[in-house]
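Residue-level listing of the chains:
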Amino acid sequence: MSAQVIEETRKQIDQMDEQILELVERRISLSGHIQRLRIDSGGTRVEHARENFVIRRYRTRFGKSGASMIMAILELCRGRIAEGKQPAGCG
Ligand SMILES: O=C(O)C(=O)C[C@]1(C(=O)O)C=C[C@@H](O)C=C1
């Protein structure tokens, strides 16, 4: 009985993880667009003040682990542009 509950609950977790992955992919794409626009208008790729604002939000909610989580996501978001690629969805 509990094995069945575990199995079903894991399915929900797997579905949720898939949604999280899709959201992260969308975030990477949107972030890449902003970075590209900024660079093309003569600005910098990284905007530290904005990153600090974003990181603070996650730290407030989840502490040190929350900060680590968003820092890893930000690294993914900066990745494509740092490698000189177009943002995802732009070819
Ligand atoms: O909001 C911006 O200005 C972005 O470029 C997006 C973003 C982010 O992914 O949140 C990415 C790089 C910047 O250093 C700051 C924030």
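In case you missed it, the structure is sitting above this.
Just so it is clear, the model here is predicted, and its values are computed rather than measured.

Visitor: What is the right way to look at the nonpolar core in this model?
Guide: What tends to happen in soluble globular proteins is that the nonpolar side chains get buried as a cluster. Among the nonpolar cores identified, the biggest contains nine residues, and these are V24, I28, V54, I55, A67, I70, I73, L74 and C77. Only helix 1 (2-40) and helix 2 (48-82) provide two or more residues apiece to this core. By residue number, the principal contributor to this core is helix 2, which donates seven residues. The contacts of I55, once residues within four sequence positions are left out, are A67, I70, M71 and L74.

Visitor: Is there a simple way to explain the packing of helix 1 against helix 2 in this structure?
Guide: Any two packed helices are characterised by how steeply their axes cross, that is the angle between the axes, and by the distance between the axes. Where helix 1 meets helix 2, the closest approach of the two axes is 9 Å, and the angle between their N-to-C directions is 65°. Along this stretch, helix 1 crosses helix 2, giving a crossing that reads as right-handed. Taken together, the residues of helix 2 that come into contact with helix 1 (itself represented by V24, R27, I28, S31, G32, Q35, R36 and I39) are V54, I70, I73, L74, L76, C77, R78, R80 and I81. When its residues are assigned to classes, the contact of helix 1 with helix 2 shows ten nonpolar, three polar and four charged.

Visitor: It is not clear to me how the environment of R36 should be interpreted in this structure. Could you clarify?
Guide: Mapped onto the fold, R36 is located in helix 1. Discounting residues that sit within four places of it in the chain, R36 has contacts with I81, K85, Q86 and P87.

Visitor: Mind showing me how you'd approach helix 1 here?
Guide: Its 39 residues place the ends of helix 1 56 Å apart at the C-alpha level, agreeing with the 57 Å of an ideal helix rising 1.5 Å per residue. In this fold, the buried residues of helix 1 make contact with helix 2. One or two residues past the end of helix 1 sits G42, with phi positive at roughly 90°.

Visitor: Where do I start with the site of the ligand in this structure?
Guide: Residues in contact with the ligand, as listed here, are R27, S31, I34, Q35, R38, V46, E47, R50, E51, L74 and C77. One of the side-chain nitrogen or oxygen atoms of R27 is found 2.7 Å away from an oxygen atom of the ligand. One nitrogen or oxygen atom from the side chain of E51 is found 2.4 Å from an oxygen atom belonging to the ligand. When the ligand sits alone it has 360 Å² of accessible area, and the protein chains cover 92% of it. Elements represented by at least two residues in the shell around the ligand include exactly helix 1 and helix 2. Among the elements that take part in the shell around the ligand, helix 1 stands out by supplying five residues, more than any other. A breakdown of the residues in the shell around the ligand according to their chemical character gives four nonpolar, two polar and five charged.

Cut-offs and rules
- Residues numbered from 1 in each chain as written.
- Predicted model: local features only at pLDDT ≥ 70, side-chain atom pairs only at ≥ 80, totals over all residues.
- Heavy atoms only, no water.
- Core = buried A, V, L, I, M, F, W, Y, C linked by side-chain atoms within 4.5 Å.
- Buried < 20%, exposed > 50% of the residue type's maximum accessible area, 1.4 Å probe, protein only.
- Helix = DSSP H or I, 4+ residues; strand = E, 2+ residues; numbered from the N terminus.
- Contact = heavy atoms within 4.5 Å.
- Axes fitted to C-alpha atoms, helices over the stretch in contact; angles between N-to-C directions.
- Left-handed = near helix turned anticlockwise from the far one by under 90°.
- Nonpolar A, V, L, I, M, F, W, Y, C, P; charged D, E, K, R; others polar.
- Expected span 1.5 Å × (residues − 1).
- Near = heavy atom within 4 Å.
- Polar contact = N/O pair within 3.5 Å; in protein donor to acceptor, adjacent residues only side chain to side chain.
- Areas by Shrake-Rupley, 256 points an atom, 1.4 Å probe, with all protein chains shown as cover.

Keep in mind that these numbers describe shape and distance, not what the molecule does.
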